[in-house]
Amino acid sequence: LNNQRLLGIPVIVQPSEAEKNRVAEAAGSNSMAEYRLYVGSIHFNLTEDDLRQVFEPFGALEYVNLQRDAETGRSKGFAFIQYKNPGDARMALDRMNGVELFGRTIKVGLVADRYQSGSGGTGFNLDDGEITGMTLTSQG
């Protein structure tokens, strides 16, 4: 579909982050996925600064990205944290996964793990239990 027109608008196809991670893993490269953590089930009142204080003791951070609703600005309950060193990310994952933080048990995993649940990944569920909107199901 790349560069084809759909209703007069050119279609541009780009690889997703998941595909980029799979390609980097297959190539055996030291991808950025080894540095990035997914942190879920975060209490909605926690801020990026709070998360930085919790995760920085494991090593230097590149960034903390708390996901927020675009309309309300309210936390979505998950974040991505990137370390400068993959060993620091692994230590944070090992020590923080399943820890209770502000009354909630947080889920921590390597970003690439969510694509590897059948091949040795953690297999954690990215859904924080908040189901809103419409459920799409296949009939037939």
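What counts and what doesn't
Residues numbered from 1 in each chain as written. Predicted model: local features only at pLDDT ≥ 70, side-chain atom pairs only at ≥ 80, totals over all residues. Heavy atoms only, no water. pLDDT = per-residue confidence, 0-100. Contact = heavy atoms within 4.5 Å. Helix = DSSP H or I, 4+ residues; strand = E, 2+ residues; numbered from the N terminus. Buried < 20%, exposed > 50% of the residue type's maximum accessible area, 1.4 Å probe, protein only. Arc of directions from axis to C-beta. Polar contact = N/O pair within 3.5 Å; in protein donor to acceptor, adjacent residues only side chain to side chain. Pairing = 2+ DSSP bridges. Axes fitted to C-alpha atoms, helices over the stretch in contact; angles between N-to-C directions. Phe/Tyr/Trp six-rings, centres within 6.5 Å; stacked < 30°, edge-to-face > 60°. Lys NZ or Arg CZ within 6 Å of the ring centre and 35° of its normal. Core = buried A, V, L, I, M, F, W, Y, C linked by side-chain atoms within 4.5 Å.

**Things to note about the confidence of the model for the chain**
- Here the chain shows a mean pLDDT of 78. Residues at 70 or above account for 67%.
- Scored below 50 in pLDDT, residues 113-136 makes 28 contacts in the model with residues more than four places away or belonging to other chains.

**What about the environment of Val-13?**
- Here Val-13 lies in the loop between strand S2 (9-10) and helix H1 (17-26).
- For the pair formed by Val-13 and Asn-2, sequence separation is 11 residues and the distance between their alpha carbons is 5.2 Å.

**Let's talk about helix H3 (residues 86-96)**
- Looking at H3, one finds that the buried residues are Asp-88, Ala-89, Ala-92, Leu-93 and Met-96. Buried positions in H3, seen along its axis, are confined to an arc of 140° and lie on one side of it. Projecting away from the buried face of H3 at angles above 90 degrees are the exposed residues Asp-94 and Arg-95.
- Looking at the buried residues of H3, the elements they touch are strand S3 (36-40), helix H2 (48-55), strand S5 (75-83) and strand S8 (107-110).
- The opening residue of H3 is Asn-85, an N-cap whose side-chain oxygen sits 2.6 Å from the backbone nitrogen of Gly-87.
- Gly-98 sits one or two residues past H3 and shows a positive phi near 90°.

**Some points on the sheet that holds S5**
- Judged by pairing direction, the sheet is antiparallel, and its 4 strands sit side by side in the order S4-S5-S3-S8 without closing on themselves. Two strands in the sheet have a free side with no partner beyond their single neighbour: strand S4 (61-68) and S8. Neighbouring strand axes in the sheet, compared pairwise and without regard to direction, differ in orientation by 20° on average.
- Where S4 meets S5, 6 bridges bridge the pair, whose relative direction is antiparallel. Bridge assignment links Asn-65 to a residue of S5, and that residue is Phe-80.
- Sheet contacts for H2: S3, S4, S5 and S8; angle to S4, the most-contacted strand, approximately 140°.
- Docked against the sheet, H3 engages S3, S5 and S8, running at close to 150° with respect to S8.

**Details of the packing of aromatic side chains**
- Counted under the stated rule, the structure contains 3 aromatic pairs.
- Judged by centre distance (5.9 Å) and plane angle (90°), the rings of Phe-78 and Phe-80 are edge-to-face.
- The ring of Phe-44 is capped by Arg-74, whose NZ or CZ atom sits 4.3 Å from the centre of that ring.

**Considering the environment of Met-96**
- Mapped onto the fold, Met-96 is located in helix H3.
- Between the C-alpha atom of Met-96 and that of Lys-107, which follows or precedes it by 11 residues, the distance is 7.9 Å.
- If we skip the residues at most four places from it in the chain, Met-96 touches Val-54, Phe-55, Phe-58, Ile-106 and Val-108.

**Regarding the nonpolar core**
- Grouped together as the largest cluster of nonpolar side chains are 21 residues, with contacts concentrated most on Leu-37, Phe-55, Tyr-83 and Val-108.
- Put simply, the parts of the chain that give this core at least two residues each are S3, H2, S4, S5, H3 and S8.
- Those residues within four positions of Phe-55 in sequence are excluded, and the remaining contacts are Val-39, Leu-61, Ile-81, Tyr-83, Ala-92, Met-96, Ile-106 and Val-108.

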